[in-house]
Amino acid sequence: MEFKQGDWVRIEKNGTVYEGKVMPSMEGYITIKMKSGYNAGFSMDKVRITFLENNEGNANRVRNSCRECRPVKEELSEPGKKLPKIAILSTGGTIASKIDYRTGAVTSQFTADDILAAIPELREIADFKGRVISSILSENMDSESWQNLARAVVEEIEAGADGVIVTHGTDTMMYTAAALSFMIETPVPIVLVGSQRSADRPSSDNAMNAICAALVAISDIAEVSVVMHGTSSDNFCEIHRGTKVRKMHTSRRDAFKSVNSFPIGIVGYSTREIETYIEYTGRGEKSLKFKPGMEPKCALVKFTPGADPAVLDYYIGKGYKGLVLEGTGLGHVSTKWIPLIQKATDAKIPVISTSQCLNGRICDRVYDTGRDMIKAGSIEGEDILPETALVKLMWVLGQTSEFDTAVKMLREDISGEITACTQK
Ligand code: ASP
């Protein structure tokens with residue numbers, strides 16, 4: 001086959017036709033960029049490739065209508081194979097985005113089916129069903145969106161899915177992961193995946209992350225997890241527990257890290273093998289339970305030196321039902337804030353203390369400030385992440401309006417968010 005980088009080719013695989021420009025490819029593989037903006041990679045021995053036009057002829061072709069280069073047949077699974085059934089729910093974010101050349105900005109434009117059609121290797125892993133939940137950037141998610149998404153995930157599991165993948169913007173993925181972790185007890189894997197770089201960029205992480213997510217979705221790990229690049233290379237993805245994960249970098253592909261925990265494990269991109277590091281809930285160990293309900297009037301307040309305690313008074317006055325404080329090292333806030341913690345407690349508003357350090361455990365018993373916070377009613381968040389604490393608080397207050405029950409639930413580990421302290 002005579003073609004070189006930049007040439008336009010047609011690729012046929014299992015009755016589906018793809019057209020695109022040849023991109024730099026690994027040995028034995030061909031990667032093309034389709035007009036939809038998505039890159040698709042194929043194993044050369046599994047496809048028929050027809051040369052269409054050389055590099056120079058592309059300019060005309062690229063100006064043509066976009067529709068012609070979409071796969072002509074969009075079946076989502078290879079017929080005849082008994083593969084696990086996976087539901088892929090798309091919510092938006094960079095994994096579903098490309099550059100809009102009108103505005104120059106990246107916008108969410110792809111659906112779950114587009115993602116499936118653009119990454120043909122997925123069909124070797126499972127039998128997919130695509131469903132669009134939303135097409136938004138994740139900064140636009142809220143507690144209502146988490147509940148709608150959770151409901152859709154539960155419906156797919158009830159309908160027989162062996163695993164569910166949620167494609168999601170990376171910026172608030174950890175909040176959604178935590179929300180699903182609290183709302184759903186699951187017998188099958190629920191995997192959140194995104195990408196840091198849109199599909200039309202050569203360094204896009206979308207295909208590798210999606211393939212690794214699919215491998216986790218068919219695995220034994222029946223938990224809510226986040227699967228994203230483990231390093232800046234294309235070697236493996238990490239599998240993070242949904243309540244212990246945080247986006248720690250604005251742009252690196254390996255931005256997601258487990259905090260106060262090892263990742264559950266890793267998935268090799270080329271080996272396609274999963275190695276686990278910590279105990280996890282296995283497939284079928286739990287039966288499906290859906291516990292929706294989120295109190296949106298909760299806030300995460302970051303303490304800074306000299307910050308005016310009136311900030312807390314604002315939330316109390318505005319009828320907020322719960323507060324998370326992100327305090328200094330062990331979880332402290334200034335002495336001037338303590339009467340406001342007492343005021344919140346007296347008004348039956350739970351206050352949880354967490355730390356700006358993220359790593360490590362809250363201990364408000366070492367210094368007098370901490371002891372005074374506890375006396376005023378503040379609940380030590382142990383080693384919970386501030387964002388997870390906020391989502392847990394919203395969920396707990398969506399389950400009960402009883403203050404003492406809420407405080408008890410906030411102190412307990414419900415979904416892997418608090419690691420037991422062995423040194424107390
Ligand atoms: N702003 C985007 C989002 O969270 C970023 C991304 O997906 O990586 O939806």
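See the structure above.
Sequence order as written defines the numbering, with residues in each chain counted from 1. Owing to the predicted nature of the model, reporting of local features is limited to residues with pLDDT of at least 70; listing and counting of side-chain atom pairs is limited to 80 or more, with chain, interface and lining totals taken over all residues. Hydrogens and waters are ignored; side-chain quantities use all the structure's heavy atoms.

**Examining the pattern of salt bridges**
When charged atoms on two side chains of opposite charge get close, those side chains can pair. Basic side-chain nitrogens of Lys or Arg form a salt bridge, by our definition, when they fall within 4 Å of a carboxyl oxygen of Asp or Glu. All told, the structure shown has 21 salt bridges when counted by the stated rule. Taking the shortest distance from any N to any O, the salt bridge between Arg-361 and Glu-382 comes out at 2.9 Å. Taken together, the positions of Arg-361 in the loop between β22 (351-355) and α9 (368-375) and Glu-382 in the loop between β23 (379-380) and α10 (386-399) put the pair 21 residues apart, joining distant regions of the chain. In DSSP terms, a helix is any run of H or I states spanning at least four residues, a strand is any run of E spanning at least two, and both are numbered starting from the N terminus.

**Digging into the packing of aromatic side chains**
Here a pair means two rings of Phe, Tyr or Trp (six-membered ring of Trp) with centres within 6.5 Å. Their orientation is stacked below 30 degrees between planes, edge-to-face above 60, and tilted elsewhere. The tally for this structure, following the rule as stated, stands at four aromatic pairs. With 5.3 Å between their ring centres and 80 degrees between their planes, Tyr-314 and Tyr-315 make a pair best called edge-to-face. Any residue under 20% of the maximum accessible area for its type is buried, any over 50% is exposed, and the rest in between are partly exposed; the area is computed with a 1.4 Å probe on protein chains only. We classify Tyr-314 as partly exposed; its relative accessible area is 46%. A ring pair is formed by Tyr-315 and Tyr-320, whose centres lie 4.8 Å apart and whose planes are at 75 degrees; its orientation type is edge-to-face. The class of Tyr-320 is partly exposed, set by a relative accessible area of 21%. Among the aromatic residues, ring-to-ring pairing joins Tyr-314, Tyr-315 and Tyr-320 into one connected group.

**Details of the side chain of Asn-206**
Tracing the backbone shows Asn-206 in helix α6 (residues 206-217). Polar contacts here mean pairs of N or O atoms no more than 3.5 Å apart (in protein, one a potential hydrogen donor and the other a potential acceptor; neighbouring residues in sequence count only if both atoms are side-chain atoms). Reaching out from Asn-206, the side chain makes a polar contact with the side chain of Ser-204 at a distance of 2.9 Å.

**A short note on the sheet that holds strand β10 (residues 163-167)**
For two strands to pair, DSSP has to find at least two bridges joining them. In space, the eight strands of this open sheet follow the order β9-β6-β10-β12-β13-β14-β17-β18, with mixed pairing throughout. What marks the edges here is a single partner per strand, and that holds for β9 (127-136) and β18 (274-276). Pairwise comparison of adjacent strand axes, ignoring direction, gives a mean angle of 20 degrees for this sheet. Two elements, strand β6 (residues 85-92) and β9, share seven bridges in a ladder whose sense is parallel. Bridge assignment links Leu-89 to a residue of β9, and that residue is Arg-131. Orientation is described by axes fitted as lines to C-alpha atoms, over the contacting stretch for helices, and by angles from 0 to 180 degrees between their N-to-C directions.

**Looking at the site of the ligand**
Any residue with a heavy atom lying within 4 Å of a molecule or strand is counted as near it. Taken together, Gly-93, Thr-94, Leu-137, Ser-138, Glu-139, Gly-169, Thr-170, Asp-171, Ser-195 and Gln-196 are the residues near the ligand. Taking Thr-170, its side chain carries an N or O atom lying 2.4 Å from an oxygen atom of the ligand. The protein chains shown are the only cover counted for residues, whose accessible areas, like all others here, come from Shrake-Rupley with a 1.4 Å probe. Burial of the ligand by the protein chains amounts to 90% of its free accessible area of 260 Å². Per-class residue counts for the shell around the ligand are one nonpolar, seven polar and two charged. Three residue categories are used. Nonpolar comprises Ala, Val, Leu, Ile, Met, Phe, Trp, Tyr, Cys and Pro, charged comprises Asp, Glu, Lys and Arg, and polar comprises the others, including Gly.

**Topic: the packing of helix α7 (residues 310-317) against helix α8 (residues 338-346)**
Contact geometry for α7 and α8: axes closest at 9 Å, N-to-C directions at 15 degrees. Taken together, the axes of α7 and α8 are roughly parallel relative to one another. Relative to α8, the crossing made by α7 is left-handed. Of the residues in α8, those touching α7 at Leu-312, Asp-313 and Ile-316 are Leu-340, Ile-341, Lys-343 and Ala-344. Taken together, the residues of the contact of α7 with α8 break down into five nonpolar, no polar and two charged. Here the word oblique covers every angle except those under 35 degrees (roughly parallel), over 145 (roughly antiparallel) and from 65 to 115 (roughly perpendicular). Crossings are assigned a handedness: left-handed for a near helix turned anticlockwise from the far helix by less than a right angle, right-handed for a clockwise turn. Any two residues whose heavy atoms approach within 4.5 Å are treated as being in contact.

**Focus: α8**
Taken together, the buried positions of α8 are Ile-338, Leu-340, Ile-341, Ala-344 and Thr-345. Seen end-on, α8 carries its buried residues on one side only, within an arc spanning 160 degrees. Those residues of α8 that are exposed and aimed more than 90 degrees away from the buried face are Pro-339 and Asp-346. Those residues of α8 that are buried lie in contact with α7, β21 (322-327), β22, α9 and α11 (403-411). Just downstream of α8 lies Lys-348, where phi reads positive at about 60 degrees. Summarising the geometry, the arc corresponds to the directions from the helix axis toward the C-beta atoms.

**What to know about the packing of α10 against α11**
Running from N to C, α10 and α11 point in directions that differ by 140 degrees, and their axes come no closer than 10 Å. As α10 runs across α11, the sense of the crossing is right-handed. Of the residues in α11, those in contact with Lys-392, Leu-393, Trp-395, Val-396, Leu-397 and Gln-399 of α10 are Ala-406, Met-409 and Leu-410. Of the residues that constitute the contact of α10 with α11, the class distribution is seven nonpolar, one polar and one charged.

**Considering the pairing of strand β12 (residues 190-193)**
Alternating residues of β12 divide into Ile-190 and Leu-192 and Val-191 and Val-193, and every residue in both groups is buried. Sheet topology note: the β10/β12 ladder contains four bridges and is parallel. Across the sheet, residue Val-164 finds its bridge partner in β12, namely Ile-190. Sheet topology note: the β12/strand β13 (residues 224-229) ladder contains three bridges and is parallel. For Ile-190, the partnering residue across the bridge sits in β13 and is Val-224. What joins β12 to β13 is α6, and the crossover it makes is left-handed. When the strands point away from the viewer and the connection leading from the first strand across the helix to the second strand turns clockwise, the crossover is called right-handed.

**Some words on the environment of Val-333**
Along the polypeptide, Val-333 turns up in the loop between β21 and α8. Sequence-wise, Val-333 and Gly-306 are 27 residues apart; in three dimensions their C-alpha atoms are separated by 9.7 Å. Dropping the residues within four chain positions of it, Val-333 is found in contact with Phe-303, Leu-325, Gly-327, Ile-341, Thr-369 and Met-373.

**Brief notes about the environment of His-249**
In this fold, His-249 is placed in the loop between β15 (245-247) and β16 (256-258). Excluding anything up to four places from it in sequence, His-249 contacts Gln-196 and Ala-255. At a separation of 3.1 Å, a polar atom in the side chain of His-249 contacts the main-chain amide nitrogen of Ser-251. A polar side-chain atom of His-249 sits 2.9 Å from the main-chain amide nitrogen of Arg-252.

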